[in-house]
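# Inside the fold
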Amino acid sequence: MAKDPAVLLYTQDFLVGTITMTNEQRGKYITLLCLQHQKQKLTLKDLQMYLTDEDIEVAEKFPIQADGFYYNQRMYDESIKRKNYTESRRSNRTKKTNDIDVKKISQSYVNRMENENEDVNVNETVNDNLIDNVNSSRHDYWLAVQLEKEIKNMK
């Protein structure tokens, strides 16, 4: 089973919890939160890689736990909630055994999560088209310049 690539981020809580941090410290904090989400727990070495002596506020967000690791309790709790939720959805779906039930579930599925790649694909297509147009325009311009030179040489 693949690792869940997402966790809920409550933006208001994040803003309120980081209001006294500098932008650089906020960047370090969100990076460590993401790293924790991927690794579950952080080591002292993980914290030392990102934090300096001036980042006390950020370090306080990742207290040492009884097991000797560092982690942000809120990120830990949200990761567990997300894991339990997705597992309950998976379990509900696998309980359906006959084909009619599975087809109903598949037809009733509503995509409630944004496709993170949707805009990227559109942008890539638009950018490719723009590049093609620019290259085509350059080629047309070059042909026009060459044609003009040939006409001048004929006179």
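Each remark here, short or long, concerns the structure printed above.
Quick summary incoming for the structure in this document. What you are looking at is a predicted structure, and each value in this text was computed from that prediction instead of being measured.

What the protein chain contains, in helices and strands, is 7 helices and 0 strands. For the protein chain, the proportion of its 155 residues judged to be buried stands at 15%. The contacts of the protein chain with a sequence gap of at least 6 include a subset with a gap of at least 24, amounting to 57%.

Counting residues in each nonpolar core, the largest one holds 12 residues, listed as Phe14, Met21, Tyr29, Leu32, Leu33, Leu42, Leu47, Leu51, Val58, Phe62, Tyr70 and Met75. Element by element, the count of residues in this core is highest for helix α2 (residues 23-39), at 3 residues. Look past the residues within four positions of methionine 75 in its chain and what remains in contact with it is Val7, Leu33, Gln36 and His37.

Bringing α2 into the picture now. The end-to-end C-alpha distance of α2 is 24 Å, a good match for the 24 Å that 17 residues give at a rise of 1.5 Å each. Along α2, the positions that sit buried rather than exposed are Gln25, Arg26, Lys28, Tyr29, Leu32, Leu33, Gln36 and His37. Those residues of α2 hidden inside the fold are in contact with α1 (11-17), α3 (44-50), α4 (56-60) and α5 (73-95). Trailing α2 by a residue or two, glutamine 40 shows a phi angle of about 75°, which is positive.

Each value, and the rule that gives it
- Residues numbered from 1 in each chain as written.
- Predicted model: local features only at pLDDT ≥ 70, side-chain atom pairs only at ≥ 80, totals over all residues.
- Heavy atoms only, no water.
- Helix = DSSP H or I, 4+ residues; strand = E, 2+ residues; numbered from the N terminus.
- Buried < 20%, exposed > 50% of the residue type's maximum accessible area, 1.4 Å probe, protein only.
- Contact = heavy atoms within 4.5 Å.
- Core = buried A, V, L, I, M, F, W, Y, C linked by side-chain atoms within 4.5 Å.
- Expected span 1.5 Å × (residues − 1).

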